[in-house]
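# Structural characterization, general
Take a look at the letters that make up each chain.
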Amino acid sequence: MSTRKHTALPKAQILIEALPWLTRHHGRTVVIKFGGNAMVDEALKAAFAQDVVFLRHAGLRPVVVHGGGPQISAQLDKQGLVSEFRAGLRVTTPEAMDVVRMVLAGQVQRELVGLLNQHGPLAVGLTGEDAHTLTATKHLPEIDGEQVDLGRVGEITDIDTGAIEALLADGRIPVVSSVARSADDGHVYNVNADTAAAALAAALGAETLMVLTDVEGLYEDWPNSDDVISRLTAAELEKLLPDLASGMVPKMQGCLHAVRNGVRTARVIDGRVPHSILLEIFTDEGIGTMVVPDARPHTEGKPS
């Protein structure tokens with residue numbers, strides 16, 4: 001009996017440590033951008049699905065947003081279409097867009113919905129096209145001072161959260177593919193999933209945006225040091241943006257957009273660590289980098 005008590009005690013302590021976080025996050029919406037290694041490694045995929053279902057059963061309202069870079073590249077390869085990137089974004093011809101749409105909505109999303117639904121009738125897949133969830137316009141980034149046409153690459157102009165809110169109210173887990181239709185020309189556009197997740201988090205008034213990556217977080221002085229910045233304000237992040245590696249830019253811009261538009265915290269976490277979502281939300285240490293809004297100035301008679 002004493003042995004059994006002894007082995008069970010650490011489990012109880014872990015659960016108790018989660019209590020203040022469970023209380024704080026109960027009923028709150030959490031938007032999670034699924035990507036990187038967690039998306040291609042079978043064990044990490046399964047652990048991700050368990051984490052998201054755990055959040056739902058712990059009283060949170062998770063929303064998953066995903067892209068599918070590796071899967072899109074593999075399918076384009078198969079079809080003999082070249083993958084070209086400019087300004088960190090995929091050049092997307094109409095033919096490539098058909099592949100993007102097919103892979104995101106027909107492959108990546110289906111697999112993720114299937115993994116989540118092993119735990120109950122929870123996940124419902126939709127794309128940004130459904131119920132006008134995401135509306136986009138053609139994105140023309142500047143490279144060396146000139147606007148560049150990347151084809152069917154879009155930037156979000158409008159968000160309608162109605163379908164997602166209805167699913168959340170029904171206790172479901174929405175799984176959103178980052179494609180959007182344009183109100184200008186009726187075409188469907190490929191939207192960066194980090195950007196889509198941040199915009200949705202802001203529109204939903206989420207408590208937290210979590211972005212899974214293949215690094216430990218934002219490094220303080222990469223490549224000279226691998227110390228991770230555990231917490232920084234929006235203003236501190238804005239200063240760092242020009243010097244970041246191109247892959248981190250949309251992720252950190254997304255975090256900045258989120259916390260400047262009502263989301264309480266945005267976090268970049270290491271998706272290579274199994275159950276990184278639970279570690280981040282329910283433990284005192286947390287992992288990764290957390291971005292918080294700038295402190296509001298004190299106004300007379302009102303707490304900030």
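Conventions and cut-offs
Residues numbered from 1 in each chain as written. Predicted model: local features only at pLDDT ≥ 70, side-chain atom pairs only at ≥ 80, totals over all residues. Heavy atoms only, no water. Core = buried A, V, L, I, M, F, W, Y, C linked by side-chain atoms within 4.5 Å. Buried < 20%, exposed > 50% of the residue type's maximum accessible area, 1.4 Å probe, protein only. Helix = DSSP H or I, 4+ residues; strand = E, 2+ residues; numbered from the N terminus. Contact = heavy atoms within 4.5 Å. Salt bridge = Lys/Arg side-chain N within 4 Å of Asp/Glu carboxyl O. Phe/Tyr/Trp six-rings, centres within 6.5 Å; stacked < 30°, edge-to-face > 60°. Axes fitted to C-alpha atoms, helices over the stretch in contact; angles between N-to-C directions. Parallel < 35°, antiparallel > 145°, perpendicular 65-115°, else oblique. Left-handed = near helix turned anticlockwise from the far one by under 90°. Nonpolar A, V, L, I, M, F, W, Y, C, P; charged D, E, K, R; others polar. Arc of directions from axis to C-beta. Expected span 1.5 Å × (residues − 1). Polar contact = N/O pair within 3.5 Å; in protein donor to acceptor, adjacent residues only side chain to side chain. Pairing = 2+ DSSP bridges. Patch = residues over 30% accessible without salt bridge, like charges linked within 9 Å, V, L, I, M, F, W, Y side chains within 5 Å. Areas by Shrake-Rupley, 256 points an atom, 1.4 Å probe, with all protein chains shown as cover. Lys, Arg positive; Asp, Glu negative; His and termini not counted. Charge placed at Lys NZ, Arg CZ, Asp CG, Glu CD.

## Section: the nonpolar core
Counting residues in hydrophobic clusters, the biggest one holds 42 residues, and the most contacted among them are Ile32, Phe48, Leu116 and Phe282. Of all elements in the fold, only helix H1 (2–25), strand E1 (29–34), helix H2 (42–57), helix H3 (69–78), helix H4 (94–117), strand E10 (173–177), strand E13 (208–213) and helix H9 (276–282) reach the threshold of two or more residues within this core. The dominant element in this core, judged by the number of residues it contributes, is H4, at eleven residues. Residues contacting Leu116, with those up to four places away along its chain left out, are Ala49, Val52, Val53, Ala123, Ile173 and Val175. Within the second largest apolar cluster, 39 residues are counted, among which are Val65, Ala180, Ala198 and Ala201.

## What to know about the pattern of salt bridges
Within the structure shown, the criterion is met by 15 salt bridges. One salt bridge in this structure joins Asp270 and Arg272, with 2.8 Å as the shortest N-O distance. Here the salt bridges share partners, and the residues they tie into one network are Arg28, Glu207 and Arg264.

## What about the packing of aromatic side chains?
As enumerated under the stated definition, the model contains two aromatic pairs in all. Ring geometry for Phe54 and Phe282: centres 5.8 Å apart, planes at 65 degrees, overall edge-to-face. Of the two residues, Phe54 sits in helix H2 while Phe282 sits in helix H9, which places them 228 residues apart along the sequence. What makes Phe282 buried here is its relative accessible area of 6%.

## Structural notes on the side chain of Thr213
Take Thr213: it is sitting in strand E13. Leave out the neighbours within four places in its chain, and Thr213 touches Lys251, Val268, Ile269, Asp270, Gly271 and Arg272.

## A short note on the packing of H3 against H4
Packing of H3 against H4 brings their axes to within 9 Å, and their N-to-C directions diverge by 125 degrees. When the interaxial angle is binned, H3 and H4 end up oblique. In this structure, the crossing between H3 and H4 has a hand that is right-handed. Across the interface between the two elements, Gln71, Ile72, Gln75 and Leu76 from H3 touch Ala96, Val99, Val100, Met102, Val103, Leu104, Gln107 and Val108 from H4. Of the residues that constitute the contact of H3 with H4, the class distribution is nine nonpolar, three polar and no charged.

## Considering helix H5 (residues 162–169)
Residues of H5 that are buried include every one of Ile164, Leu167 and Leu168, and no others. Looking straight down H5, one finds its buried side chains confined to an arc of 100 degrees; they lie on one side. Of the surrounding secondary structure, the elements contacted by the buried residues of H5 are E1, strand E2 (61–66), strand E5 (123–127), E10 and helix H6 (193–203). Just beyond H5, the residue with positive phi is Gly171, at close to 80 degrees.

## A closer look at the environment of Ala202
One can find Ala202 in helix H6. Ala202 sits 56 residues away from Ala258 along the chain, and the two C-alpha atoms are 5.4 Å apart. The contact partners of Ala202, leaving out residues within four places of it in the chain, are His257, Asn261 and Val263.

## Structural notes on H2
An ideal rise of 1.5 Å per residue puts 22 Å on 16 residues; H2 measures up with 23 Å between its terminal C-alpha atoms. Every buried residue belonging to H2 is among Leu44, Lys45, Ala47, Phe48, Ala49, Asp51, Val52, Val53 and Leu55, and all of these are buried. On the buried face of H2, the contacting elements are E1, E2, H4, E10, E13 and H9. Backbone nitrogen of Ala43 and a side-chain oxygen of the N-cap are separated by 3.0 Å at the start of H2; the cap is Asp41. Remark: Gly59 follows H2 within two positions and exhibits a positive phi of approximately 95 degrees.

## Considering the sheet that holds E10
Spatial strand order, E5-E10-E2-E1-E13-E15-E16-E14: eight strands in an open sheet with mixed pairing. The sheet is open, and its two edges are formed by E5 and strand E14 (231–233), each paired on a single side. Strand-to-strand twist across the sheet, computed as the mean angle between neighbouring axes with direction ignored, equals 20 degrees. Relative to strand E15 (residues 265–270), E13 is paired through six bridges, and the arrangement is parallel. Bridging from a neighbouring strand, Leu212 pairs with Ile269 of E15. Sheet strands in contact with H5 are E1, E2, E5 and E10, and its direction is about 135 degrees off that of E2.

## Some words on a negative patch on the surface
A cluster of acidic side chains, namely Glu216, Glu220, Asp221, Asp226 and Asp227, defines a negative patch on the protein surface. Within the secondary structure layout, Glu216 lies in the loop between E13 and E14.

## Some details on the environment of Thr265
Tracing the backbone shows Thr265 in strand E15. Its relative accessible area of 10% is what places Thr265 among the buried residues. Considered as a pair, Thr265 and Met210 are 55 residues apart in the sequence and their alpha carbons are 8.6 Å apart. In this structure Thr265 touches Glu207, Thr208, Leu209, Val259, Met290, Val291 and Val292, once residues within four positions along its chain are discounted.

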